[in-house]
Amino acid sequence: QIINSLVLLILLSALADPDLYHLPSNDLRNEFYYMDEANMCIATSVSLLMILICAMATYGAYKQHAAWIIPFFCYQIFDFALNSLVAVSVLVYPNTIQDYLQQLPSSFPYKEEILSVNPTCLVVIILFFISIILAFKAYLISCVWNCYRYINSRNSSDVLVYVTTNDTTVLLPQYEDSASGTSKEPPPPYMSA
């Protein structure tokens, strides 16, 4: 949520002063000026939506409302699917990595060293890092799902409690049933023999 807030502040400052963030070439700036502003508006609205979804998940976990966690869980599944598509596209079209690296500005750090790496080795390294990111995202998805299941089962009132002993299983009554039931007769008074 903090990262989304920072991105939102950067996008809002870019919308407030578009001359601060401009493309290096005047030809490109004139051609794509309106598209850049539209993209910033879309990115701003997506950032606001992400802040809202993260706040909903935080509120849902704090107040033990499982339904508030579902939008964040859906976002995580969508994000995982998109990153999986990136991994598949790197695997299917490995030459696009070299094309992308050549389009980077010359001031990009270590650009020449990265371009000098064997393209197959570069694809393997990128796929390795993407697989680490996907494994971490899958772990976070399982954490959110376990939180949802925990809150959902905790709020469920239809949970039966079983006590197991060595030979038998005893079904305990619901608390409401035992509390509202008729009281038992008191034991007989103690008599000395």
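Right above here is the structure, for reference.
Computed from a prediction, not measured in an experiment: that's the story for all the values here.

The rules behind each value
- Residues numbered from 1 in each chain as written.
- Predicted model: local features only at pLDDT ≥ 70, side-chain atom pairs only at ≥ 80, totals over all residues.
- Heavy atoms only, no water.
- Axes fitted to C-alpha atoms, helices over the stretch in contact; angles between N-to-C directions.
- Helix = DSSP H or I, 4+ residues; strand = E, 2+ residues; numbered from the N terminus.
- Parallel < 35°, antiparallel > 145°, perpendicular 65-115°, else oblique.
- Contact = heavy atoms within 4.5 Å.
- Nonpolar A, V, L, I, M, F, W, Y, C, P; charged D, E, K, R; others polar.
- Phe/Tyr/Trp six-rings, centres within 6.5 Å; stacked < 30°, edge-to-face > 60°.
- Buried < 20%, exposed > 50% of the residue type's maximum accessible area, 1.4 Å probe, protein only.
- Arc of directions from axis to C-beta.

### Thoughts on the packing of helix α4 (residues 95-103) against helix α6 (residues 119-155)
Right, on to step 1. It is at 9 Å that the axes of α4 and α6 come closest, and there the two elements cross at 95 degrees. Judged by the angle between their axes, α4 and α6 are roughly perpendicular. Where α4 approaches α6, its residues Ile 97, Gln 98 and Leu 101 are matched on the opposing element by Pro 119, Leu 122, Val 123 and Ile 126.
Right, on to step 2. Counted by class, the contact of α4 with α6 contains six nonpolar, one polar and no charged residues.

### Re the packing of aromatic side chains
Right, on to step 1. Taken as a whole, this structure holds five aromatic pairs when the rule is applied.
Right, on to step 2. Centre to centre, the rings of Phe 128 and Phe 129 are 5.8 Å apart; their planes meet at 65 degrees, and the pair counts as edge-to-face.
Right, on to step 3. The class of Phe 128 is partly exposed, set by a relative accessible area of 48%.
Right, on to step 4. Through pairs of rings, three or more aromatic residues link up here, namely Phe 73, Trp 145 and Tyr 148.

### Details of α4
Right, on to step 1. By the burial criterion, the buried members of α4 are Ile 97, Gln 98 and Leu 101. Burial along α4 is one-sided: seen end-on, the buried residues are contained in an arc of 95 degrees. Turned more than 90 degrees from where α4 packs its buried face, Asn 95, Tyr 100, Gln 102 and Gln 103 sit exposed.
Right, on to step 2. On the buried face of α4, the contacting elements are α3 (70-92), α5 (111-115) and α6.

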